[in-house]
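# Commentary on secondary and tertiary structure
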Amino acid sequence: MAQTSQDDGTGSAYGRPPQTHDAELTEVGSGTPCGELMRRYWQPVELSERLGVRPMTIRVLGEDLILFRDLQGRPGLITPRCIHRGAPMSFAKVEDGGIRCPYHGWLFDTEGKCLDQPCEKDRPEFRARTRQPWYPVEERYGLVFAYLGPPGKKPILPRWAPFEDIAADEKIVPDAASFSVGGDETAELIPWNWLQDWENTMDPFHVVILHSSFSGPQFNPKMAIMPDVVWDHTPLGLQYLAHRKMPDGRKMDRITHVMFPNLRSVPNIELSHGIAESMGWLVPTDDTHHRTFHITRMPLDYEGVPMVTAPMLEKKWSDMTDEERWMTPGDWEIQKGQGPITLHSEEQLAASDRGVVMLRRLLREQIGLVQQGGDPIGVHFDPAAPAYHIGAGNFYREMAAAETQDPVR
């Protein structure tokens, strides 16, 4: 006689429907809802210091492009196939006036205008109406920014207050390393969707569990103190205030801020008092990869790349074995383990995920605003507008008796 299980099957994995990701919030190609939101902002695409005599092939928001600097020092960004007969502009050479195609020598300036056609000397009118597709680029804070959106909606490239009026003994250090997700300088292309990284910033509780009790103190050991958290909307996005009672009697408010469409500012892990010294962009390469670009205010004599949120591990991430990463997983292992794009349909969000829920809702609202023809938050068109204030930092309400409270800059 056949035996039957007494298990009623509740929660069984058998027969589950296909699980899916939220395409509206994650996919970034041209014409996609989130992709069109991303294209309404300037995006960093490379470090300024890397632009040399050889054109660079880059990928951003699902588009393959050629980034170059002409011999007059002007950056340019064009599509990778020459408009003439599709030759690869990755083999082009830069000149005073622009970039010259290797196939038939057509020369284009940084705005795609054709300046020379060696084989068409008697056709100036043809040259005048020939133009290589291009995107605007500007440089600031040691980064090259590109605007990939509709020309009539091009905003002003913002300035950010913590990185203006740098003191004589300070400098701004840009980087494209993956420290912020637990990697190091060996890995700049991060193999998962940008949103998994960005929304992680609004999850203060994973710091207490993953980075403290589970894997040991990967940041400051005091981050293991369970905080009281409040999330609030800001004019630029969303922030949380994590309040902790420190062992020495001080009370600290740690404010982390995410700004649209893909920026964040996380305070230093030394927990020193004052505004955050760093901010960063999480730039989608395509739907399943992204890069991070950071700028950090550092002492003038500092050398190297600032380890903005680097784990306090004995080994570099790239030198660790699989066994060692299993013993002490960090953001890299967890976010990559969610898959190239996490399956949102199988999530069961809880009260501690309030920041993630608020961020996704705000992202969806801004996508809808763009679809209706509006301008999303953080976009402005006034060259005289003041620099944006970020507000992130570690702020102590009560300092220990032996300490003097520094003013919030």
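What comes next concerns the included structure.

Criteria and thresholds
- Residues numbered from 1 in each chain as written.
- Predicted model: local features only at pLDDT ≥ 70, side-chain atom pairs only at ≥ 80, totals over all residues.
- Heavy atoms only, no water.
- Phe/Tyr/Trp six-rings, centres within 6.5 Å; stacked < 30°, edge-to-face > 60°.
- Helix = DSSP H or I, 4+ residues; strand = E, 2+ residues; numbered from the N terminus.
- Buried < 20%, exposed > 50% of the residue type's maximum accessible area, 1.4 Å probe, protein only.
- Lys NZ or Arg CZ within 6 Å of the ring centre and 35° of its normal.
- Pairing = 2+ DSSP bridges.
- Polar contact = N/O pair within 3.5 Å; in protein donor to acceptor, adjacent residues only side chain to side chain.
- Contact = heavy atoms within 4.5 Å.
- Salt bridge = Lys/Arg side-chain N within 4 Å of Asp/Glu carboxyl O.

### What to know about the packing of aromatic side chains
- Tallying each qualifying case throughout the model produces 11 aromatic pairs.
- Geometrically, the ring pair formed by Trp-106 and Phe-126 is edge-to-face, given 6.0 Å between the ring centres and 75° between the ring planes. A residue pair is termed long-range when its members are at least 10 positions apart, and Trp-106 in the loop between β6 (99-100) and β7 (107-108) and Phe-126 in helix α3 (residues 124-128) qualify at 20 residues. Phe-126 carries the same exposure label as Trp-106, and that label is buried.
- Each member of the aromatic cluster is reached from another via a ring pair, and the members are Trp-106, Phe-108 and Phe-126.
- Just above the ring of Tyr-396 sits the side chain of Arg-250; from NZ or CZ to the centre is 4.1 Å.
- Its guanidinium or amino end placed over the ring of Trp-317, Arg-325 lies 4.1 Å from that ring's centre, counting from NZ or CZ.

### So, unusual backbone geometry
- The residue after Phe-260, namely Pro-261, is reached through a cis peptide bond having omega 5°.
- Here Pro-261 lies in the loop between β15 (251-259) and β16 (263-265).
- One non-glycine residue, Asp-165, adopts positive backbone phi at about 55°.
- Tracing the backbone shows Asp-165 in the loop between β11 (143-147) and β12 (170-175).
- Classification of Asp-165 by relative accessible area gives exposed; the value is 78%.
- The phi dihedral of Leu-271 falls on the positive side, at around 65°, and the residue is not glycine.
- Position of Leu-271 relative to the elements: it lies in the loop between β16 and β17 (274-275).

### Side note on the sheet that holds strand β3 (residues 63-69)
- What the four strands build is an open sheet, ordered β2-β3-β4-β9; its pairing is antiparallel. Each having just a single partner strand, β2 (56-60) and β9 (134-135) make up the two edges of the open sheet.
- As paired elements, β3 and strand β4 (residues 75-78) share four bridges and run antiparallel to each other. Note on β4: the bridge partner recorded for Ile-66 is Ile-78.

### Some thoughts on the side chain of His-243
- Looking at the secondary structure, you find His-243 in strand β14 (residues 237-245).
- Within the local environment of His-243, its side chain forms a polar contact with the backbone oxygen of Met-252, the two atoms lying 3.5 Å apart.
- When sequence neighbours within four positions are dropped, the list of residues in contact with His-243 reads Pro-227, Asp-228, Lys-251, Met-252, Asp-253 and Arg-397.

### Describing the pattern of salt bridges
- Across all of its chains, the model carries 29 salt bridges by this definition.
- We note a salt bridge from Lys-316 to Glu-185, for which the minimum N-O separation is 2.6 Å. In this pair, Lys-316 sits in the loop between β19 (289-299) and α6 (322-327) while Glu-185 sits in the loop between β12 and α4 (194-200), placing the two residues 131 residues apart along the sequence.
- With a closest N to O distance of 2.9 Å, Lys-315 and Glu-324 form a salt bridge.

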